[in-house]
4 protein chains.
Amino acid sequence: MKQIDTAVLGATGMVGQRFVKILANHPWFNIKALTASKRSSGKEYKKGVNWVLDTEIPKSIENIEIQKTHPKVDGDLAFSALPSNIADSVEENFAKKGFAVASNASSHRMESDVPLVIPEVNPSHLELIEKQKQNREWSGYVVTNPNCSTIILTLPLKPIQEKMGLSSVKVVTLQAVSGAGYSGVPSMAIIDNAIPYISSEEIKMEKESKKLLGKVDNGELNLPDIDVSAQCNRIPVTDGHMESVWIETEEETSPNEIKKALEGFMGEPQKKDLPSAPKKPIIVKESEDRPQPRLDKDLGDGMSVSVGRIRGSNKEFKLTILGHNTIRGAAGASILNAELMTQKGYLK
Amino acid sequence: MKQIDTAVLGATGMVGQRFVKILANHPWFNIKALTASKRSSGKEYKKGVNWVLDTEIPKSIENIEIQKTHPKVDGDLAFSALPSNIADSVEENFAKKGFAVASNASSHRMESDVPLVIPEVNPSHLELIEKQKQNREWSGYVVTNPNCSTIILTLPLKPIQEKMGLSSVKVVTLQAVSGAGYSGVPSMAIIDNAIPYISSEEIKMEKESKKLLGKVDNGELNLPDIDVSAQCNRIPVTDGHMESVWIETEEETSPNEIKKALEGFMGEPQKKDLPSAPKKPIIVKESEDRPQPRLDKDLGDGMSVSVGRIRGSNKEFKLTILGHNTIRGAAGASILNAELMTQKGYLK
Amino acid sequence: MKQIDTAVLGATGMVGQRFVKILANHPWFNIKALTASKRSSGKEYKKGVNWVLDTEIPKSIENIEIQKTHPKVDGDLAFSALPSNIADSVEENFAKKGFAVASNASSHRMESDVPLVIPEVNPSHLELIEKQKQNREWSGYVVTNPNCSTIILTLPLKPIQEKMGLSSVKVVTLQAVSGAGYSGVPSMAIIDNAIPYISSEEIKMEKESKKLLGKVDNGELNLPDIDVSAQCNRIPVTDGHMESVWIETEEETSPNEIKKALEGFMGEPQKKDLPSAPKKPIIVKESEDRPQPRLDKDLGDGMSVSVGRIRGSNKEFKLTILGHNTIRGAAGASILNAELMTQKGYLK
Amino acid sequence: MKQIDTAVLGATGMVGQRFVKILANHPWFNIKALTASKRSSGKEYKKGVNWVLDTEIPKSIENIEIQKTHPKVDGDLAFSALPSNIADSVEENFAKKGFAVASNASSHRMESDVPLVIPEVNPSHLELIEKQKQNREWSGYVVTNPNCSTIILTLPLKPIQEKMGLSSVKVVTLQAVSGAGYSGVPSMAIIDNAIPYISSEEIKMEKESKKLLGKVDNGELNLPDIDVSAQCNRIPVTDGHMESVWIETEEETSPNEIKKALEGFMGEPQKKDLPSAPKKPIIVKESEDRPQPRLDKDLGDGMSVSVGRIRGSNKEFKLTILGHNTIRGAAGASILNAELMTQKGYLK
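Everything quoted here is computed from the prediction, not taken from an experiment.

### Section: the overall build of chain A
Turning to step 1, where the next piece is worked out: Counting secondary structure elements, chain A contains 11 helices and 14 strands.
Turning to step 2, where the next piece is worked out: Across its three principal axes, chain A shows a C-alpha extent of roughly 60 × 50 × 35 Å.
Turning to step 3, where the next piece is worked out: When burial is assessed residue by residue, chain A has 64% of its 348 residues classed as buried.
Turning to step 4, where the next piece is worked out: Counted over contacts in chain A with a minimum sequence separation of 6, partners at least 24 positions apart contribute 74%.

### As for the interface of chain D and chain A
Turning to step 1, where the next piece is worked out: Each partner contributes to the interface: chain D provides 14 residues, whereas chain A provides 14 residues.
Turning to step 2, where the next piece is worked out: Note on chain D versus chain A: buried area summed over both sides is about 1,100 Å², and carbon and sulfur give 49% of it.
Turning to step 3, where the next piece is worked out: The tally of links from chain D across to chain A stands at two salt bridges.
Turning to step 4, where the next piece is worked out: Where chain D packs against chain A, one counts zero residue pairs in polar contact (both at pLDDT 80 or more).
Turning to step 5, where the next piece is worked out: Of the residues contributing to the side of chain D that touches chain A, the split by class is six nonpolar, one polar and seven charged.

### What about the interface of chain D and chain C?
Turning to step 1, where the next piece is worked out: Between chain D and chain C, the contact holds 42 residues from the first and 42 residues from the second.
Turning to step 2, where the next piece is worked out: Interface area lost by chain D to chain C is led by Gln231, Trp246 and Arg294 of chain D, which between them contribute 20%.
Turning to step 3, where the next piece is worked out: Across the contact surface, chain D and chain C share eight salt bridges.
Turning to step 4, where the next piece is worked out: The closest approach of N and O atoms between Glu206 of chain C and Lys318 of chain D, which form a salt bridge, is 2.9 Å.
Turning to step 5, where the next piece is worked out: One can count 32 residue pairs in polar contact (both at pLDDT 80 or more) joining chain D with chain C.
Turning to step 6, where the next piece is worked out: Of all the secondary-structure elements, those providing two or more residues to the side of chain D that touches chain C are β7 (166–175), α6 (187–190), α7 (201–212), β10 (227–234), β11 (241–249), α10 (293–296), β13 (305–313) and β14 (316–323) of chain D.
Turning to step 7, where the next piece is worked out: Residue composition of the side of chain D that touches chain C, grouped by class: 21 nonpolar, eight polar and 13 charged.

### Here's the deal with the packing of helix α1 (residues 14–23) of chain C against helix α11 (residues 327–343) of chain C
All names here are of chain C.
Turning to step 1, where the next piece is worked out: Viewed as axis vectors pointing N to C, α1 and α11 meet at an angle of 50°, and their least axial separation amounts to 9 Å. Judged by the inter-axis angle, α1 sits oblique to α11. Handedness of the crossing formed by α1 with α11: right-handed. Each of Val15, Arg18, Phe19, Ile22 and Leu23 in α1 lies in contact with α11, whose residues at this interface are Ile327, Ala330, Ala331, Gly332, Ser334 and Ile335.
Turning to step 2, where the next piece is worked out: For the contact of α1 with α11, a count of residues per class yields eight nonpolar, two polar and one charged.

### Some remarks on the packing of aromatic side chains
Turning to step 1, where the next piece is worked out: Overall, the coordinates contain 22 aromatic pairs over all chains when judged by the stated rule.
Turning to step 2, where the next piece is worked out: Here the aromatic rings of Tyr45 of chain B and Trp51 of chain B are separated by 6.2 Å at their centres, their planes lie at 80°, and the arrangement is edge-to-face. In this pair, the class of Tyr45 of chain B matches that of Trp51 of chain B, namely buried.
Turning to step 3, where the next piece is worked out: Taken together, the ring pairs in this structure connect Phe19, Trp28, Phe29 and Phe79 of chain A into an aromatic cluster.

### Some thoughts on the environment of Met110 of chain D
All names here are of chain D.
Turning to step 1, where the next piece is worked out: Residue placement: Met110 occurs in the loop between β5 (100–103) and α4 (128–136).
Turning to step 2, where the next piece is worked out: Residue class for Met110 comes out partly exposed when judged on its relative accessible area of 43%.
Turning to step 3, where the next piece is worked out: The sequence separation of Met110 and Thr12 amounts to 98 residues, and the corresponding C-alpha distance is 26 Å.

### Digging into the packing of helix α5 (residues 148–164) of chain A against helix α8 (residues 255–263) of chain A
All names here are of chain A.
Turning to step 1, where the next piece is worked out: Direction vectors running N to C along α5 and α8 enclose 120°, while the axes themselves pass 9 Å from each other. As judged from the angle between their axes, α5 and α8 are oblique. Here α5 and α8 pass one another in a crossing that is right-handed. Side by side, α5 and α8 meet where Pro156, Pro159, Ile160, Lys163 and Met164 of the first sit next to Glu257, Ile258, Ala261 and Leu262 of the second.

### Concerning the relation of the copies chain D and chain C
Turning to step 1, where the next piece is worked out: The operation relating chain D to chain C is a screw motion whose rotation component is 180°, with 0.0 Å of axial translation and a residual RMSD of 0.0 Å. Put plainly, the chains are arranged around a two-fold axis.
Turning to step 2, where the next piece is worked out: Both copies present the same face, since 100% of the interface residues in chain D are matched by interface residues at the equivalent positions in chain C.

Each value, and the rule that gives it
- Residues numbered from 1 in each chain as written.
- Chains lettered and ligands numbered in written order.
- Predicted model: local features only at pLDDT ≥ 70, side-chain atom pairs only at ≥ 80, totals over all residues.
- Heavy atoms only, no water.
- Helix = DSSP H or I, 4+ residues; strand = E, 2+ residues; numbered from the N terminus.
- Buried < 20%, exposed > 50% of the residue type's maximum accessible area, 1.4 Å probe, protein only.
- Contact = heavy atoms within 4.5 Å.
- Buried area = accessible area lost by both parts, 1.4 Å probe.
- Salt bridge = Lys/Arg side-chain N within 4 Å of Asp/Glu carboxyl O.
- Polar contact = N/O pair within 3.5 Å; in protein donor to acceptor, adjacent residues only side chain to side chain.
- Nonpolar A, V, L, I, M, F, W, Y, C, P; charged D, E, K, R; others polar.
- Axes fitted to C-alpha atoms, helices over the stretch in contact; angles between N-to-C directions.
- Parallel < 35°, antiparallel > 145°, perpendicular 65-115°, else oblique.
- Left-handed = near helix turned anticlockwise from the far one by under 90°.
- Phe/Tyr/Trp six-rings, centres within 6.5 Å; stacked < 30°, edge-to-face > 60°.
- Least-squares fit on C-alpha atoms with pLDDT ≥ 70 in both.

Given below as structure tokens:
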């Protein structure tokens, strides 16, 4: 298979580093360009990046020269790890130039002709790509993945919605500091502490989850009738978002039925055996004190979401959900989207 | 005023140390006996205790000899920081001998003739003391305070119940490790991690909060019609439980009305100016990222509960609650109970 | 006693907040001005500061309007919590205008006519004030306190130098994150981690400690013949620097003699009963696992330094030292200096 | 190659779990027996263990039944992760029965006929095996690896000793909590804190390092003339011991020469390409703030030791050393020893 030339936009940040690490050995995508802000551009990657992952910089990447973030860079596919304030216009410029942009930024997620996709949840939303290209007269297009805590929440909601219907979701998050970027949370703010506030996070969870669980018919998105309410907290954990969730189902069911729905769930990435697809998108933990961030975040190479403590009766249930926020919740999410785009023929 | 001779049962544990620290300078209660398990009994307090508070052992206490936990010790009032499995029969034996037992243990909390009290919330429940003494033919009696996370939750629920009615509560806790006792949570279990499970905690929160918000009429407890559902998590914080809460009120109201109800709230401890009563039992924090455990747990000398992020509309609201789990949630709670018992004439 | 009008320069940072908290109730010094950068100036203190201490903003201070850092502000005494790059010229300007500047910044510490003082260690160095004023033709002057980890190290070295002579010091620090300022250490950098590097810290410890232990004769500083070598590490602790130290004495001695020298030590602050002087500047901890940052940093209201694990023989000994880096190591240090300056008549 | 039947003694503890994880796919060693205390014996491994690593229990191991620790279990090779108080006689019993015991326990390390080995440092010490078997008339034997912090220290000392001679070592450790076993350090003891004491650790570092750097001639161990002094601290880190070290060399040298000696170092495991040997036993980090526990502990699959911040001149140098305490410092160390024993023909 011919490899697709790929640029990583914002390649020096924490999510950018995750992109680089995963893509360094990717069977389909070939890094041709790395971009960053002026401060780093012109330097070799290993000199321009403050590499903070617990593995070494991939040898094949370390000498690539960082470029400014501009659509003149090489490539047909661009992964965007840009901050939202910058991503807005920059991603559009890349799409105009013909790039397929797989974006982790929030700027375009809620636009009606932009697919917001988790491949296991709503692969068919990719059909909005055509509408987007027509609407905007772009040769390329933008596909987005949700906010990290939304992805981790919504993936296990999907099989429940399918099997027993879903009418209400209340979620409290215990989020890792990496979600705010490397310098986002000062240590003085969080050691021996917790913070009951993350800017814009609750509204993102409440809106994005409904778009994801909605249906696209003839290019129109129909939102489902589900109440979603979120409260977001930061805790002193480096990686891995944990979420305490109440759900209300439409039909009466049982913890055991829910467990079966979660364990049996396979999405298109699994059926099509996409390169970054975990064998099991959802892993049910039996132990009463799991999932836990440090112990379970790396399951499925960080692409599986773990669910535990399923309890309740009739139509009201409690459960705990956990996932790796910068892999399944960010870089891995964009890459899995791009794999789905490739497999479905949107990328050649 | 004559001081009341007091014993602290289980004086070497973490809650026991909090009792000792607060009581060392108490205007009404005078420590006459400190008890602990066999391993420590017979030793001076300073030698038998592994003192883990960030102040020095009170000079007036450090040389007191630790005794075995037996009702032959001196005193009219006993504070119990015993583990539940031991507290059950031991507290009964103290009550039979005539002690007023102010207990932090869970053993007797849900018994129908045992007061479960937060002085600001349900001071009138102390009238169950008479019933208890009659039922059991004891010369003394047992009064209990709730579980730490329940106290911190229920204190601010009270003014809401009073002013706008309360029909439903959903609470997710982010609890400090001190709640499990000094050796309860290994560091390997919790550094860079969170645990979605605390044994028996959820059921305690769900049941105790309803008893507290109930009414005692003619010695009978009537439970209110409130749905309470809890999910309990442990996080890497030493002291201070934080709680993300949804409430449903009976009447339509607004965040501003709720805020006024909380800020204006005064209970009997404030009206009667009890020694351990904080001036403000509930402190409303205006900043969008408060309350936080490390910064707010010590407000009101650890006896005030902080509330922030009040938001919502109609009948559904979200808020964040925080309190010091081993002061307002344990030792301080028992002491404030005993002060109320004294002020109301149950202790002389 | 007439109060001295006082300005706090850089009053919104973490050390600035410590100044404000300690000075709010100071018997000699009266806050007349608070200064900060342009971003905050013009605002009431409570609105311009991100208050991060675990007590509330002092009521007497919260409404004071923050000013720009300029010598036109009111006062005779200025405490400087400015960053070093700014402190250099700004402190000079204040001194020219007649202010006595008690500075926590590093800019002027090593200048030969600027006193670098720990009141218990080298109070006589204040005589350099006269020389400084003559040299520079200033009506005011600058007095500095050392770097936080240097103060904590040098205070207990002093009685050892006096009693048994001191020829060599090797120190490894385990430093709290507050030493880098509120945003200095990202949580991603330090949770479940340690960092073996703090910019310029080792050279400061090696040079400042020798100036402190030197003698001033006729306005000339004579450095002692002591080898000092430091290695500095950052660990995930909010407040409290711990130091593992080897010392070589000139005379043979014993752990017990060293212990007696430390415990019996009284400096001028104790003899003159200065307001911020701890009763015991050095507290010897007997327990084999002390001192510890969280448990011992607040001894003596954060102004005592704790020493433990004294062991060794002949002329080589090991010991562990601990102190509060933003109180004894910063704001409290400057204030104690100013109290000594006042008591000695340099400030009226 | 025929696989060697292997037992893991103490297989449920934290080091035991590391043994299981590494051995599950080992090319030479085949797990035939897992032993633990009575509480777990008789259970399947997955039910008897509280698995705390961040990967799942190896499928090939999870159903093995745990046995009591008794030499009747199957195998020719036994890895011992037993606590020292138990290891003493139990390991002897296994050796009498013919087992080659590769022990991580401290019980026998300092006995004159027991090899204490780091394969890169002193592989020739294995010749003590013959002496041991003769002395004790055992058909098997015991080989030990050093204490975790000693291994991490001594590995990089070896090339320095070889190239420029070594006369003095002073080391301060910043040790991870996993070194104390899963429940060894309560979270209340270490969150936002550090502890300047680890029982027996300093004496182990001072004695074991000298045995390792000594020479065995005709079955006699000759200790080198090196002063080693250690101070040991615990910090809130899960895995990875960091050490701040001063060394004095016999010859004058430079940081650059030391760096070259470290980087060029290859031991027998590398030359013989043993299965668990890291390609580079010592990795020199160039960045001024490395090595760090969370980022560098897993280099070389946890078997490489990292060194950084090499500075100094003449004969006195400072450096920072870091290694994974339960892999290179425990389970991996025993396994590498057993691989060396196999390669040298002591195990068939």
